[in-house]
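Here is what each chain is made of, one letter per residue.
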Amino acid sequence: MGKIIRLALILTIFCVISAGALAFVYLFTEPKIKLNQKLSYDSSVKEVLPQPGKAVSVSPRGYSGPINMMVGVDRSGTVIGIKILNQTETPGLGANVVKTKFLNQFIGKTAKDQIEPKKDIDAITGATISSRAVCKGVKDALEKF
Amino acid sequence: MLWKNFNQGIIKENPVLRLMIGLCPVLAVSNSAMNALGMSVAVAFVLICSNWVVALIRKITPDEIRIPIFIIVISTFVTISDYIMQAFTPDLHHALGVFVPLIVVNCIILGRAEAFAYRNPVLNSILDGAGMSLGFALALISIGVIREVLGAGSVFGIPLFNQAAAATIMILPPGAFITIGILMAFLNKMENKVQ
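Quick notes on the rules
Residues numbered from 1 in each chain as written. Chains lettered and ligands numbered in written order. Predicted model: local features only at pLDDT ≥ 70, side-chain atom pairs only at ≥ 80, totals over all residues. Pairing = 2+ DSSP bridges. Helix = DSSP H or I, 4+ residues; strand = E, 2+ residues; numbered from the N terminus. Contact = placed C-beta atoms within 7 Å. Nonpolar A, V, L, I, M, F, W, Y, C, P; charged D, E, K, R; others polar. Domains from an automatic or database assignment. Core = buried A, V, L, I, M, F, W, Y, C linked by C-beta atoms within 7 Å. Buried ≥ 20, exposed ≤ 12 C-beta atoms within 10 Å, placed from the backbone. Axes fitted to C-alpha atoms, helices over the stretch in contact; angles between N-to-C directions. Parallel < 35°, antiparallel > 145°, perpendicular 65-115°, else oblique. pLDDT = per-residue confidence, 0-100. Expected span 1.5 Å × (residues − 1).

## Things to note about the pairing of strand β3 (residues 79–86) of chain A
All names here are of chain A. Bridge count between strand β2 (residues 68–74) and β3: six bridges; the pairing is antiparallel. Across the sheet, residue V73 finds its bridge partner in β3, namely V79. Count of turn residues in the β2/β3 antiparallel hairpin: four residues, of which G77 carries a positive phi of about 85 degrees.

So this is what it looks like as structure tokens:
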């Protein structure tokens, strides 16, 4: 019995030291991490909104997880900018949705336009599901707006 | 003697190509040279620090609870490296994603703590960690460069040739297995020649 208590005590001491070390590092890095997140959010907003309007965040379901994207819509309801913030699509195929050549096709679309891959939008070769997801994201964003 | 501690991990006991441990992150993040380099640096930091601390506390570590203590030490350093990467290299942290926290369960690190640092003095353990890290980095970066060149037509993000001519399969999971297999075969062949 005494042994178990001794072992538990030693383990507790290690945990306390570890927690202390982590708290110390967190204290120093946390403001910088917060700042990075804010900067990256601000620069995304700036990127999708060259003119005044509203930045809409949407996360359509892609081939292997959500595609987090931001769509800039101007006051008349026209897409003026689009950026993929985060995605886990297949490298070399679906991950190509981040390319500007693909994304630029959405600029100028409004809620009245048809946005269908392979018809109105040139889909990424071998990545129909990812392309469709981005189309749906833009549609959702225009609807939300 | 000290030199041998350092030397061993590089080729003779290369963790990836010889001991074949820690393969999960190797397969996952070797799809580009930059990811491979970032992962190597993070693993080196954690491995060297955890070997150092484990060797330092080995005399006061009771045998029965050594594994939980190793895990506490390792996860502390992994979390520290995770915070530091988030603060100073957010793009790299973004690219490596979940594989940074998963360094905790990388068997190279626990393996070295148990097999080496728990039984050896501090300096030897640090050198063992450094050598193993270098071996891991060499293997990971070689795989990363080969896969990125063949699969994306670039190296460290610098385009070498038209991407359309690249074999996409090389940056998909099968490319990782193919590359590791060929490198292992090459290393075995070289060793046979030396003997």
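## Notes on the interface of chain B and chain A
Across the boundary between the two partners, chain B contributes 20 residues, which contact 19 residues of chain A. Elements represented by at least two residues in the side of chain B that touches chain A include exactly α4 (66–88) and α7 (122–152) of chain B. Take the side of chain B that touches chain A: its biggest share by element is ten residues, from α4 of chain B. For the side of chain B that touches chain A, the residue count by class is 13 nonpolar, six polar and one charged.

## Overview of the domain arrangement of chain A
Residues and elements named next belong to chain A. The domains assigned to chain A are domain 1 (1–47) and domain 2 (49–144). A straight line from the C-alpha centre of domain 1 to that of domain 2 covers 36 Å. Tallying the contact residues gives four residues for domain 1 and six residues for domain 2. In terms of residue class, the side of domain 1 that touches domain 2 is made up of one nonpolar, one polar and two charged.

## Focus: the nonpolar core
By size, the foremost hydrophobic cluster in this structure holds 45 residues, and its most contacted members are V46, V54, F136, L140 and I143 of chain B. Counting residues per element, the ones that place at least two in this core are α2 (23–29), α3 (33–56), α4, α6 (107–115), α7 and α8 (173–194) of chain B. Top contributing element to this core by residue count: α3 of chain B, with 13 residues. Among residues more than four places away in sequence, those in contact with I143 of chain B are V26, S30, A36, A176, T179, I180 and L183 of chain B. Counting residues in hydrophobic clusters, the runner-up holds 28 residues, among them V56, I121, V134 and V138 of chain A.

## A closer look at the packing of helix α1 (residues 2–48) of chain A against α4 of chain B
Direction vectors running N to C along α1 of chain A and α4 of chain B enclose 10 degrees, while the axes themselves pass 8 Å from each other. If you check the angle between α1 of chain A and α4 of chain B, you find them roughly parallel. Here α1 of chain A contributes L11, F14, C15, S18, A21, L22, V25, Y26, T29, K32, I33 and N36 of chain A to the contact with α4 of chain B, which in turn contributes P68, I69, I72, T76, T79, I80, Y83, I84, Q86 and A87 of chain B. Split into classes, the residues belonging to the contact of α1 of chain A with α4 of chain B amount to 15 nonpolar, six polar and one charged.

## Quick look at the confidence of the model for chain B
Mean pLDDT over chain B: 87, with 99% of residues reaching 70 or higher. Both scores are given for the predicted complex: the pTM is 0.79, the ipTM 0.78.

## Here we look at the environment of N96 of chain A
Residues and elements named next belong to chain A. Tracing the backbone shows N96 in the loop between β3 and α2 (100–103). The exposure class of N96 is buried, given the 20 C-beta atoms found within 10 Å. Residues N96 and N36 lie 60 residues apart in sequence; the distance between their C-alpha atoms is 25 Å.

## Comments concerning the sheet that holds strand β1 (residues 53–58) of chain A
Residue and element names in this part refer to chain A. Here three strands make up an open sheet; going across it, the order is β1-β2-β3 and the pairing antiparallel. The outermost strands of the open sheet, each flanked by one partner alone, are β1 and β3. Across this sheet, the average inter-strand angle for adjacent strands is 20 degrees, counted without regard to direction. Along the sheet, α1 contacts β1, β2 and β3; its crossing angle with β3, the most-contacted strand, is approximately 150 degrees. Contacts from helix α3 (residues 128–144) reach β1, β2 and β3 within the one sheet, and its direction differs from that of β2 by about 45 degrees.

## Some points on the environment of Y41 of chain A
In this structure, Y41 of chain A sits in helix α1. For the pair Y41 of chain A and L85 of chain A, spaced 44 residues apart in sequence, the C-alpha to C-alpha distance is 9.0 Å.

## Overview of α7 of chain B
Along its 31 residues, α7 of chain B runs 43 Å from first to last C-alpha, staying within 8% of the 45 Å computed at 1.5 Å per residue. Positioned one or two residues after α7 of chain B, G153 of chain B has a phi angle of 70 degrees, which is positive.

## Considering α1 of chain A
Note: α-helices contain 3.6 residues per turn, so residues at a spacing of three or four share the same orientation. Here α1 of chain A spans 65 Å end to end across 47 residues, near enough to the 69 Å set by a 1.5 Å rise per residue. Burial of α1 of chain A is sparse: only one of the 47 residues sit out of reach of the surface.

## A short note on the pairing of β2 of chain A
Residues and elements named next belong to chain A. Extensive coverage of β2 is indicated by the burial of five of its seven residues. Summarising the sheet, β1 and β2 pair through six bridges and their orientation is antiparallel. For V58, the partnering residue across the bridge sits in β2 and is M69.

## Regarding unusual backbone geometry
All names here are of chain B. Within the chain, M20 stands out as a residue other than glycine whose phi angle is a positive 55 degrees. Tracing the sequence through the fold places M20 in the loop between α1 (2–7) and α2. Of the residues examined, M20 has 12 C-beta atoms within 10 Å and is grouped as exposed. Positive phi, close to 50 degrees, is recorded for F156, a residue that is not glycine. Summarising the element assignment, F156 is placed in the loop between β1 (154–155) and β2 (158–159). Take F156: there are 13 C-beta atoms within 10 Å of it, and that puts it in the partly exposed class.

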